[in-house]
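Architecture and fold: a report
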Amino acid sequence: EHRASYIPLLHGLWVHTLTLGRHDDSMGWAEKLLSASATSKDGDLEICGHRAAMATRFWMGDLVGARRHGDRIRELYDQHRHRHIATLTNSDPLTAEGYYRGQLEWMLGYPDRAARMSDEKDEHARLRNHPFDVGFALTVGAQVYDYRCEPEKLLARAEEAERYCRDHRIPLMSEAMAQIVKGVAWLLAGRVGDALTLLPEALARLHRTGHRAWVPYVRAHIAEATALSGDVEGGLALLEASIEQAERCAERVHLAEVLRLKGWMLDLQGK
């Protein structure tokens, strides 16, 4: 009974601080999970600790460190022994590893490997068929196709997440996260006006839940659409808010892209 309650307690504290964008604090809870697993020799705690550490290091921009924890998840994972963890934490450890594996592989320079690993993650999530797990895989976990500038593949995943999560009555996914991914796909496809209508509304829904992680990057997409619509000053103001939040919350994984967009907008102004 003690062991069964310990995983969701520590994992829940980690998720709470991560989603609030308090990444330094979330790293502390990830380390507590790993420390508890070392003390207790509990394999479930260990794989949850590596899952937490991988995600936090990813958001903080430590891609090599994140990949190291992901490698450990892949070494430890057993489909039957770890199946119950999704019931305790709303995410399967291997699917969760895949949310970030594809993204960090792209960022480290391996675009084909990134796409393959992202697709493998989706297949695993669909087979596991846990609603939150599938929803995350097809939203945050689909960003490889944002980075690869493949709007059709990104939109297909957003629409699948929207349908699936509405069927399972998970509005966080269907009405906020899937809509964000759909808006990004529309922006990539050149539907700037549609993206500029959808993205701020979807981000506002996510923001009302208290969620702050991912916000700087989503806001940067809104900034890009704003500039493309002709309001470069408005786009720059949104980017400055993203830069400030990224530095304040130590969420640096997308900071290079935000700064690239700032440079592009300043160039549009002749600066």
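Residues numbered from 1 in each chain as written. Predicted model: local features only at pLDDT ≥ 70, side-chain atom pairs only at ≥ 80, totals over all residues. Heavy atoms only, no water.

If you tally the helices and strands in the protein chain, you get 15 helices and zero strands. Here the C-alpha atoms of the protein chain give a radius of gyration of 18 Å, agreeing with the 18 Å that 2.2 N^0.38 yields for 271 residues. Going through the 271 residues of the protein chain one by one, you find that 54% of them count as buried. Long-range pairs, those at least 24 residues apart, make up 64% of the contacts in the protein chain between residues at least 6 apart in sequence. When the accessible surface of the protein chain is summed, it comes to about 11,800 Å², and 52% of that surface belongs to carbon and sulfur atoms. Positive and negative side-chain charges of the protein chain, numbering 35 and 39 respectively, have mean locations separated by a distance of 2 Å. (Helix = DSSP H or I, 4+ residues; strand = E, 2+ residues; numbered from the N terminus. Rg over C-alpha atoms; globule rule 2.2 N^0.38 Å. Buried < 20%, exposed > 50% of the residue type's maximum accessible area, 1.4 Å probe, protein only. Contact = heavy atoms within 4.5 Å. Areas by Shrake-Rupley, 256 points an atom, 1.4 Å probe, with all protein chains shown as cover. Lys, Arg positive; Asp, Glu negative; His and termini not counted. Charge placed at Lys NZ, Arg CZ, Asp CG, Glu CD.)

Backbone geometry at Lys 41 places phi at a positive 60°, although glycine is not the residue there. For Asn 90, which is not glycine, the phi torsion reads 70° and is therefore positive. For Asn 90, the location among the structural elements is in the loop between helix H5 (85-89) and helix H6 (93-107). By relative accessible area, which is 32% here, Asn 90 ends up partly exposed.

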